Amino acid sequence: YVMPYTFATVTAEVIAAMPELRIVQTLTAGVEHVLPFLRDRLTLCNARGVHDASTAELAVALTLASLRGIPEYVRAQDDRRWEHGLRPSLADRTVLVVGYGSVGVAVERRLVPFECDVLRVARHARAGIAGYEALPSLLGRADVVVLTVPLTEQTRGMVDAEFLSRMRDGALLVNVARGPVVDTDALVAELRAGRLSAALDVTDPEPPPPDHP
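Here is what the cut-offs are and how they apply
Residues numbered from 1 in each chain as written. Predicted model: local features only at pLDDT ≥ 70, side-chain atom pairs only at ≥ 80, totals over all residues. Heavy atoms only, no water. Helix = DSSP H or I, 4+ residues; strand = E, 2+ residues; numbered from the N terminus. Buried < 20%, exposed > 50% of the residue type's maximum accessible area, 1.4 Å probe, protein only. Contact = heavy atoms within 4.5 Å. Areas by Shrake-Rupley, 256 points an atom, 1.4 Å probe, with all protein chains shown as cover. Lys, Arg positive; Asp, Glu negative; His and termini not counted. Charge placed at Lys NZ, Arg CZ, Asp CG, Glu CD. Pairing = 2+ DSSP bridges. Right-handed = clockwise from strand over helix to strand, strands pointing away.

K.L.:
Tell me about the overall build of the protein, residues and numbers included.
P.N.:
Helix and strand counts for the protein come out as 7 helices and 8 strands. Considering only C-alpha atoms, the protein reaches an extent of 65 × 45 × 30 Å along its principal axes. Out of the 213 residues in the protein, the part that is buried amounts to 40%. Within the protein, residue pairs in contact and separated by at least 24 positions form 53% of the contacts whose partners lie at least 6 positions apart. Carbon together with sulfur atoms contributes 54% to the accessible area of the protein, which is approximately 12000 Å² in total. Distance between charge centres in the protein, computed from 22 positive and 27 negative side chains, equals 4 Å.

K.L.:
An account of the pairing of strand β7 (residues 172-175) is requested, with residue identities and associated values reported.
P.N.:
Across the two faces of β7 the burial is the same, with Leu 172 and Val 174 and Leu 173 and Asn 175 all buried. Inspection of the sheet shows strand β6 (residues 144-147) paired to β7 by 4 bridges, in the parallel sense. Considered in β7, the bridge of Val 144 is made with Leu 172. For the handedness criterion, the β-α-β arrangement of β6, helix α6 (residues 161-166) and β7 is classed as right-handed. Here β7 runs beside strand β8 (residues 197-200); their pairing, made up of 4 bridges, is parallel. Looking at β8, one finds that Leu 172 is bridged to Ser 197.

K.L.:
Which residues make up the environment of Thr 43, and what are the values?
P.N.:
Positionally, Thr 43 belongs in strand β2 (residues 43-45). Expressed as a C-alpha distance, the spacing of Thr 43 and Ile 23, which sit 20 residues apart in the sequence, is 4.7 Å. Setting aside anything within four residues of it in sequence, one finds Thr 43 in contact with Arg 22, Ile 23 and Val 24.

K.L.:
Hey, could you go over the pairing of strand β3 (residues 94-98) for me, with residue numbers and the actual values?
P.N.:
By the criterion of burial, β3 is predominantly enclosed, with 5 of the 5 residues buried. Going residue by residue along β3, you find Thr 94, Leu 96 and Val 98 tucked away on one face and Val 95 and Val 97 tucked away on the opposite face as well. Pairing analysis gives 5 bridges linking β3 to strand β4 (residues 117-122), with the strands arranged parallel. Residue pairing across strands places Val 97 opposite Arg 120, the latter belonging to β4. Regarding topology, helix α4 (residues 102-111) serves as the crossover connection from β3 to the parallel β4, and that connection is right-handed. Pairing between β3 and β6: 4 bridges, direction parallel. Looking at β6, one finds that Val 98 is bridged to Leu 147.

So far we have only geometry, and geometry alone does not tell us how the molecule works.
Structure follows, in structure tokens:
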């Protein structure tokens, strides 16, 4: 069964209706939405590698647009206002990539030409890559934190009030992972205070209601 590119609960019904099913192939890299419906002798295959380039491009685009203030300038243009200001460059910044799988690797490849320093964190530490346990000591060193982790019980709510409090003043959080990796209320509190900024591909809830802060 090759699942459609959706998170709809119809997956449970389809799997239940095919007792001889042996393989489920997702079109997503993440598989958290399928795990509850697996059973014995059913193999789950994900789309690791398929979305690396597009997700990495988005992460870099969000980072550059946020640092350079592109959204603000576009809004000013719509209002026929000439907005002049100085914005930070990506060059000479430190970027922390949290989740150094295939997407994280692709993000780093695209960041390196911008002359920034890249720190790497993954679930398990290895040469040149720190483990999750090192996050408290690394967050304060980063100007930009890019989330590319899968959604698991370990990463759900990982970016909570304590995580955010360890980020340096003026830092940017970029989430191209999953919405529930971030504690939305904690992030909103930091954004309202103006201490941090964020560029989000995903949210929790998703999509947020029209009146959501």
